[in-house]
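# Remarks on the overall topology
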Amino acid sequence: MTDTYLDLVNSGFTRTLAKRLGLPRPAVLRRFREGDPLVPGRVLVLHDDDSSDAADVLAETMLGWDLDVHRHASKDDGFGAVVLVLTELSAPSRLREPLLALGGSLRALAPGGRVVTVSRTATEPGLSATLAAARQGVDGMLRSLAKELRGGATGNGIVLGEGVGLDAPSVAGTLRFLLSARSAFVDGQLLTVTSDGGTIPADWDRPLDGQVAVVTGAARGIGAAIARTLARDGASVVVVDVPASGEALAAVANEVRGSALQLDITADDAAARILAHVASRHGRLDLLVHNAGVLRDKLLANMTPKQWDPVLAVNVTAPLRITDQVLASGALGTAPRIVCLASTSGIAGNRGQTNYGASKAGVIGMVRASAGALAAAGGTINAVAPGFIETDMTARIPFATREIARRFNSLQQGGQPQDVAEAIAFLASPQAGGVNGQVLRVCGQNMVGA
Ligand code: NAI
């Protein structure tokens, strides 16, 4: 679905008019296009006094990607990104110098630019109060800064989990994702790298080469975008949806040169049918994306089993059962990845969505509790929590409510299915092998909730 207001304030006469009237002007976001540079300009690396060596390591990583890396801002320099390295930050007072230096270079940040912080977890056992305050401070600073950025620029952070080294593949992988156009609608988020696991792909543009993925609910919307993105990144994709969507499903399967499986995921034999299909058609299974989802909004005072039951059955009970059975089958490859669709409604709650909120928060619980089992199998399980995304699902929301929901984030617009798909493709990739049990919001920094 199109956002007419966004189009108007970014073109011709209406753009000038909107500027004169001082109307909010959501920017056209920098999204992935083959052949575009990874970052739209130079990269400035800043650090606190104690993190100079760490900054060297990350600067070296980015030089390896042929980025134009600078350690000092000189007057009139423009930047496509600023990376703020704070891994050895020892006290809140030490944030002052790098933060003021960052502030001084923000006006030179290109449209669609990126600010990425790299810091360490504040929840490590045994940390002194001062160290915990310093590390937690990065969180509040980053979320506030992201709300100040304009022109489609975003601010996000990488948090190193306990014992995770700066040279871990997923630190590089996450940094590259956050710098790139693939993270267009990820804003104000801090993603934790939980282990040194993962590998750098032989080809950054096709990290999923040779892998087989199953995507549920893939006949349209976000699911279809996920199928296209995983295929673009090299995977063979099995698209799954209900028989009533058979025609649209076949079209997506043809487009991605994958295969279609008509299936209601709430059926008792859903996992068995998925496993039989991948075994006979593709011979392996590496990635599973639990995307199928339904809404049946009602205030709780008016809720009946008609609204409650399908939402819980599709959104959480089916992913739980299918994950259990697929894991138990031993059919998954040596580095399996499972990615689930949660929602910001499962984090912040939403009026009229007690059923949906319960199901999507349930998905988050499932992901956190399953991380150990997946790690033992050499894999990961994570969730992506979209905010307002322009799909058939949100097109049905009444106009006024929809307009408020879509503007109520730092980027002042709804996301595209592609934005969610990019985050899923990243979490499914070898370079995200050290990110496990996490929830990544793709919501343009929705103002509601954490
Ligand atoms: P959509 O309604 O456009 O597509 C969902 C797909 O799932 C449909 O093709 C539908 O046929 C399929 N499906 C439903 N029940 C099924 C079942 N029992 N078995 C197999 N397939 C089934 O939804 P959209 O917007 O693309 O959402 C995809 C996912 O993202 C859902 O899990 C949704 O809850 C989540 N999400 C979407 C947001 C948005 O703003 N659009 C926001 C937050 C989360």
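Under the defined criterion, the tally for this structure stands at 2 aromatic pairs. Arranged with centres 5.8 Å apart and planes meeting at 80°, the rings of Trp-65 and Trp-204 form a pair that is edge-to-face. Highlighted residues: Trp-65 in the loop between helix H3 (52-63) and strand S2 (69-70) and Trp-204 in the loop between strand S6 (190-193) and strand S7 (212-216), separated in sequence by 139 residues. In this pair, the class of Trp-65 matches that of Trp-204, namely buried. Look at Phe-177 and Phe-426: their rings are 4.6 Å apart centre to centre, the planes differ by 5°, and that puts the pair in the stacked class. Linking Phe-177 in helix H6 (residues 169-179) with Phe-426 in helix H15 (residues 417-427), this pair joins segments that are 249 residues apart in sequence. We note that Phe-177, like Phe-426, is buried. For the cation-ring pair, Arg-176 lies above Trp-65, with the distance from its terminal atom to the ring centre recorded as 5.2 Å. Geometry around Phe-32 places Arg-232 over its ring, the cationic atom sitting 4.3 Å from the centre.

What surrounds the ligand is a group of 27 residues, the closest being Arg-220, Asp-241, Asn-291, Tyr-356 and Thr-391. In the model, a nitrogen atom of the ligand is placed 3.0 Å from a nitrogen or oxygen of the Ile-265 main chain. Contact between the ligand and Gly-387: an oxygen atom at 3.3 Å from a main-chain N or O atom of the residue. Taking 830 Å² as the accessible area of the ligand by itself, protein coverage stands at 94%. When residues of the shell around the ligand are traced back to their parent elements, those giving at least two are helix H7 (221-232), helix H12 (354-376) and helix H13 (392-395). When the residues that make up the shell around the ligand are grouped by side-chain class, the tally is 14 nonpolar, 9 polar and 4 charged.

The next subject is H12. End to end, H12 covers 34 Å across 23 residues, agreeing with the expected 33 Å (1.5 Å per residue, within 8%). When we look at burial in H12, the residues that qualify are Asn-355, Tyr-356, Gly-357, Ser-359, Lys-360, Val-363, Ile-364, Met-366, Val-367, Ser-370, Ala-371 and Leu-374. A positive phi of about 85° marks Gly-378, the residue just after H12.

What follows deals with the side chain of Ser-343. In this fold, Ser-343 is placed in the loop between strand S11 (332-341) and helix H11 (345-348). Of the residues examined, Ser-343 reaches a relative accessible area of 6% and is grouped as buried. At 2.9 Å, the side chain of Ser-343 and the backbone nitrogen of Ser-345 are in polar contact. Contacts of Ser-343, omitting those with residues within four sequence positions, involve Tyr-356, Lys-360, Val-384, Ala-385 and Pro-386.

Another point: the sheet that holds strand S8 (residues 236-241). Strands sit in the order S9-S8-S7-S10-S11-S12-S13 across an open sheet of 7 strands; the sheet is parallel. In this open sheet, the two edge strands, each paired with only one partner strand, are strand S9 (259-262) and strand S13 (439-442). Each adjacent strand pair in this sheet contributes to an overall mean axis angle of 20°, direction not counted. One ladder, built from 3 bridges, connects S7 with strand S10 (residues 285-290); its direction is parallel. Residue pairing across strands places Val-214 opposite Leu-288, the latter belonging to S10. Each of S8 and S9 is contacted by helix H8 (residues 246-255), which is oriented at about 160° to S9, the strand it contacts most. Here H12 sits on the sheet and contacts S10, S11, strand S12 (380-386) and S13; the angle it forms with S12, its principal contact strand, is near 160°.

When the domains of the chain are assigned, the result is domain 1 (1-28), domain 2 (31-193) and domain 3 (212-442). When each unit is reduced to the centre of its C-alpha atoms, the spacing between domain 1 and domain 2 is 30 Å.

The phi torsion at Asp-66 lies on the positive side, around 65°, for a residue other than glycine. Residue position: Asp-66 is located in the loop between H3 and S2. Of note, Gln-445 is a non-glycine position whose phi angle comes to about 60°, a positive value. Mapped onto the elements of the fold, Gln-445 is located in the segment after S13.

For the rest of this paragraph, the subject is a nonpolar patch on the surface. A contiguous nonpolar surface patch, about 360 Å² in accessible area, is contributed by Ile-404, Phe-408, Met-447 and Val-448. Inspection of the secondary structure assignment puts Val-448 in the segment after S13. Taking relative accessible area as the criterion, Val-448 reaches 38% and is therefore assigned partly exposed.

If you look at the biggest cluster of nonpolar residues, it comprises 73 residues, and the most contacted ones within it are Met-62, Leu-179 and Leu-230. The two domains that each donate at least three residues to this core are domain 2 (31-193) and domain 3 (212-442). With residues near it in sequence (within four places) discarded, Leu-179 still touches Arg-30, Leu-38, Val-39, Met-62, Trp-65, Leu-67, Ala-81, Val-83, Arg-114 and Val-116. Core analysis: the next-biggest nonpolar cluster, separate from the first, contains 37 residues, Ile-265, Ala-292, Val-326 and Met-366 among them.

Calculation rules
Residues numbered from 1 in each chain as written. Predicted model: local features only at pLDDT ≥ 70, side-chain atom pairs only at ≥ 80, totals over all residues. Heavy atoms only, no water. Phe/Tyr/Trp six-rings, centres within 6.5 Å; stacked < 30°, edge-to-face > 60°. Helix = DSSP H or I, 4+ residues; strand = E, 2+ residues; numbered from the N terminus. Buried < 20%, exposed > 50% of the residue type's maximum accessible area, 1.4 Å probe, protein only. Lys NZ or Arg CZ within 6 Å of the ring centre and 35° of its normal. Near = heavy atom within 4 Å. Polar contact = N/O pair within 3.5 Å; in protein donor to acceptor, adjacent residues only side chain to side chain. Areas by Shrake-Rupley, 256 points an atom, 1.4 Å probe, with all protein chains shown as cover. Nonpolar A, V, L, I, M, F, W, Y, C, P; charged D, E, K, R; others polar. Expected span 1.5 Å × (residues − 1). Contact = heavy atoms within 4.5 Å. Pairing = 2+ DSSP bridges. Axes fitted to C-alpha atoms, helices over the stretch in contact; angles between N-to-C directions. Domains from an automatic or database assignment. Patch = residues over 30% accessible without salt bridge, like charges linked within 9 Å, V, L, I, M, F, W, Y side chains within 5 Å. Salt bridge = Lys/Arg side-chain N within 4 Å of Asp/Glu carboxyl O. Core = buried A, V, L, I, M, F, W, Y, C linked by side-chain atoms within 4.5 Å.

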